[in-house]
Amino acid sequence: MKEVLKLVLVLTAICVIAGLCLALVDKLTTEPIRKAERQDTLDAIKAVLPEYDNEPDRNISEIVVGKQTNVFYVATMRQAYVGTAFAVTSKEGYGGEMKIMVGVTADDGVHAIHVLKQTETPGLGAKIEKPKFKEKFSGAPLSTTIKVKKDGGRIESITGATISSRAVCKAVSEGIDLFVKNKDAILKSDNVQ
Amino acid sequence: MAKSKSLKRERMTFYKELIKGLWKENPIFRLVLGMCPTLAVTTSLENGLGMGMATTFVLICSNIVIAIIRNMIPSKVRIPCFIVVIASFVTIVDLLMNGFAHQLHGQLGIFIPLIVVNCIILGRAEAFASKNSVLMSLADGIGMGIGFTLGLALLGSCREILGEGMLTVWGDLKLLDIPARVENYQALVVMILPPGAFIALGCLLALMNKVESAIAHRQGRTFVPPQNLDCRHCTICKFGD
């Protein structure tokens, strides 16, 4: 009985100390982590949009489709609308979910895309992160669906990774469709002149 | 006189514990511990280095703390105690890195929780830190950590060179870039896929045995490849016996 009590006491003491340390570190890092994550979003937006001078992550509009909430970051320069950034996801890649930030400009074209998260095959599908692939999206008009060349589109797919390339095109196209359909709502809700 | 002699002996042991992780008891190639992160993470030199350094940090911290509290822990609950200490350090590393080295965290984020289940750390806690002084445990942690990091870096380099024809560090500094020089270069992509991990590790282990047998031969000894590895008297696997 005495031994059991000792085991319980020691284990409890160690867990309590560990818990206290963790609580302290958590308290210390909450604010820096929030800041860093906000900076991540801002960096991604900056990478896909032309120059702007507002805070797009505080100038958002949300479109709910089914259960999913899509966030649109609206960027302005001297109160004039310059473009919108939004994240799209695809589960049709070769290695799980991929998440891509897309930026569209005021003159209805894609400005750039930026890969936020992907787990495609290293050396093959993972090349969707390379500028060589991404830059082919820049300048694509919003009016036509973005496809790989094999499917009659403008994007040259990565050798050996057609599935990943197609998944990116499809996700970007779907995001653009949603944006075009809801353009008025997205821009109106943000006092864009 | 006697004091300086014991100090000298202590320094010798410290040095011995420090360097044993590099070759003689290398966690990857000799103890063959921590195979899960070894096989999963080493798709490139950079991943190997990052994982190795994060593991080293946790290993050193947990070795020190466990050596400090080793006499307070009843042996029946030592494994849960070790796990609490290790998991706390991993969480602390995860939080600190996320807050103050956010970019590095972005690259290594998925590997950090893996450190908890890395048996090198639990193995060293059980086999070494729970039986030795704080100073020796520190030496053991540093040595084993560096040995693990070097092993991962070596494996990662081999796979990256064969699988991509490149060797990249810190994101964009290319140490080697075959595709840029050779036209239509086709790399062995299988080397960065999961099977490549087994192939590369097997070849490196065989090479290491070959080197060691050559050294033994030159010294006039016969080389016995390590067969019955007991992970340096670690008893975790035999805990129920």
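In this report, the structure presented in the accompanying data block is examined.

Thresholds, definitions, all that
- Residues numbered from 1 in each chain as written.
- Chains lettered and ligands numbered in written order.
- Predicted model: local features only at pLDDT ≥ 70, side-chain atom pairs only at ≥ 80, totals over all residues.
- Heavy atoms only, no water.
- Helix = DSSP H or I, 4+ residues; strand = E, 2+ residues; numbered from the N terminus.
- Rg over C-alpha atoms; globule rule 2.2 N^0.38 Å.
- Buried < 20%, exposed > 50% of the residue type's maximum accessible area, 1.4 Å probe, protein only.
- Areas by Shrake-Rupley, 256 points an atom, 1.4 Å probe, with all protein chains shown as cover.
- Lys, Arg positive; Asp, Glu negative; His and termini not counted.
- Charge placed at Lys NZ, Arg CZ, Asp CG, Glu CD.
- Contact = heavy atoms within 4.5 Å.
- Buried area = accessible area lost by both parts, 1.4 Å probe.
- Salt bridge = Lys/Arg side-chain N within 4 Å of Asp/Glu carboxyl O.
- Polar contact = N/O pair within 3.5 Å; in protein donor to acceptor, adjacent residues only side chain to side chain.
- Nonpolar A, V, L, I, M, F, W, Y, C, P; charged D, E, K, R; others polar.
- Pairing = 2+ DSSP bridges.
- Axes fitted to C-alpha atoms, helices over the stretch in contact; angles between N-to-C directions.
- Patch = residues over 30% accessible without salt bridge, like charges linked within 9 Å, V, L, I, M, F, W, Y side chains within 5 Å.
- Expected span 1.5 Å × (residues − 1).
- Bend = angle between axes of the 7 residues up to and from the residue.
- Disulfide = S-S within 2.5 Å.
- Core = buried A, V, L, I, M, F, W, Y, C linked by side-chain atoms within 4.5 Å.

### Concerning the overall build of chain B
Right, so step 1: From N to C terminus, chain B includes nine helices and two strands.
Right, so step 2: Each helix and strand of chain B, placed in order from N terminus to C terminus, yields the pattern α-α-α-α-α-α-α-β-β-α-α.
Right, so step 3: At 20 Å, chain B has a C-alpha radius of gyration in line with the 18 Å of a compact globule built from 241 residues.
Right, so step 4: Expressed as lengths along the three principal axes of its C-alpha atoms, the size of chain B is roughly 65 × 55 × 45 Å.
Right, so step 5: Split into buried and exposed, the 241 residues of chain B put 47% on the buried side.
Right, so step 6: On chain B, roughly 12,700 Å² of surface is accessible, and the fraction owed to carbon and sulfur atoms is 66%.
Right, so step 7: Measuring between centres, the 22 positive side-chain charges of chain B sit 15 Å from its 15 negative side-chain charges.

### Description of the overall build of chain A
Right, so step 1: What chain A contains, in helices and strands, is four helices and five strands.
Right, so step 2: Its helices and strands taken in sequence order, chain A reads α-β-β-β-β-β-α-α-α from the N to the C terminus.
Right, so step 3: Taking 193 residues into account, the globule formula puts the C-alpha radius of gyration at 16 Å, and chain A, at 22 Å, lies well above it.
Right, so step 4: Structurally, chain A occupies a C-alpha span of about 80 × 45 × 30 Å along its principal axes.
Right, so step 5: Counting over 193 residues, chain A shows a buried share of 42%.

### Notes on the interface of chain B and chain A
Right, so step 1: Taken together, the contact pairs 23 residues of chain B with 23 residues of chain A.
Right, so step 2: Carbon and sulfur atoms make up 81% of the area that chain B and chain A hide from each other, which totals about 1,900 Å².
Right, so step 3: For the salt bridge of Lys76 of chain B with Glu3 of chain A, the shortest nitrogen-to-oxygen distance reads 3.2 Å.
Right, so step 4: The interface formed by chain B and chain A holds two residue pairs in polar contact (both at pLDDT 80 or more) in total.
Right, so step 5: Here the side of chain B that touches chain A gets 11 residues from one element, more than from any other, and that element is helix α4 (residues 78-100) of chain B.
Right, so step 6: The residue makeup of the side of chain B that touches chain A, split by class, is 15 nonpolar, six polar and two charged.

### What to know about the sheet that holds strand β4 (residues 98-105) of chain A
All names here are of chain A.
Right, so step 1: Across the sheet, which stays open at both edges, the five strands sit in the order β1-β2-β3-β4-β5 with antiparallel pairing between neighbours. Of all strands in the sheet, those bounded by a partner on one side alone are β1 (60-65) and β5 (110-117). Along the sheet, successive strands turn relative to each other by an average axial angle of 25 degrees, direction set aside.
Right, so step 2: On the sheet, helix α1 (residues 2-48) packs against β2 (68-77), β3 (80-90), β4 and β5 and is oriented at approximately 150 degrees with respect to β5.
Right, so step 3: Helix α3 (residues 162-181) rests against β1, β2, β3, β4 and β5 of the sheet, and its axis sits at about 135 degrees to β3.

### Things to note about the pairing of β1 of chain A
Residue and element names in this part refer to chain A.
Right, so step 1: Two strands pair when backbone bridges link them, and β1 and β2 are joined in this way by six bridges, in the antiparallel orientation. Along β2, the bridge assignment pairs Ile60 with Tyr73.
Right, so step 2: Between β1 and the antiparallel strand that follows it, β2, lie two residues; Gly66 among them carries a positive phi value of about 60 degrees.

### Details of the pattern of salt bridges
All names here are of chain A.
Right, so step 1: Tallied over the entire structure, the rule returns 17 salt bridges over all chains.
Right, so step 2: In this structure, Asp108 and Lys183 form a salt bridge, with 3.0 Å as the shortest nitrogen-oxygen distance. Here Asp108 is found in the loop between β4 and β5, whereas its partner Lys183 is found in helix α4 (residues 183-188), with 75 residues between them in sequence.
Right, so step 3: The exposure class of Asp108 is partly exposed, given its relative accessible area of 36%.
Right, so step 4: Judged by its relative accessible area of 21%, Lys183 falls in the partly exposed class.

### What about a positive patch on the surface?
Right, so step 1: Taken together, Lys127, Lys130 and Lys132 of chain A together with Lys174 of chain B make up a surface patch of like positive charges.
Right, so step 2: Inspection of the secondary structure assignment puts Lys174 of chain B in strand β2 (residues 173-177).

### Structural notes on α1 of chain A
Right, so step 1: Here α1 of chain A contains 47 residues, and its C-alpha end-to-end distance of 66 Å stays within 8% of the 69 Å for a straight helix at 1.5 Å per residue.
Right, so step 2: Residue Thr29 of chain A marks the point of greatest curvature in α1 of chain A, where the axis turns by about 40 degrees; the proline Pro32 of chain A follows within four residues.

### So, the state of the cysteines
Linking two cysteines covalently through their sulfur atoms gives a disulfide.
Right, so step 1: Inspection of every chain in the model, using the stated rule, returns zero disulfides over all chains.
Right, so step 2: The thiol of Cys81 of chain B is unpaired, and the distance to the nearest cysteine sulfur, on Cys15 of chain A, comes to 7.4 Å.
Right, so step 3: Overall, the relative accessible area of 0% leaves Cys81 of chain B in the buried class.
Right, so step 4: Here Cys203 of chain B stays unpaired: no disulfide links it, and the sulfur of Cys158 of chain B, its closest cysteine neighbor, is 9.1 Å away.
Right, so step 5: On the accessibility criterion, Cys203 of chain B (52% relative accessible area) is exposed.

### A closer look at the nonpolar core
Right, so step 1: Residues Ile14 of chain A together with Ile28, Val58, Ile115 and Leu201 of chain B are the most contacted members of the largest nonpolar core, which totals 48 residues.
Right, so step 2: With nine residues, the single largest contributor to this core is α4 of chain B.
Right, so step 3: Residue contacts for Ile14 of chain A: discarding those within four places in its chain leaves Ile69, Ile73, Cys81 and Val84 of chain B.
Right, so step 4: In this structure, Val110, Leu142, Ile158 and Ala161 of chain A belong to the second largest nonpolar core, which totals 33 residues.

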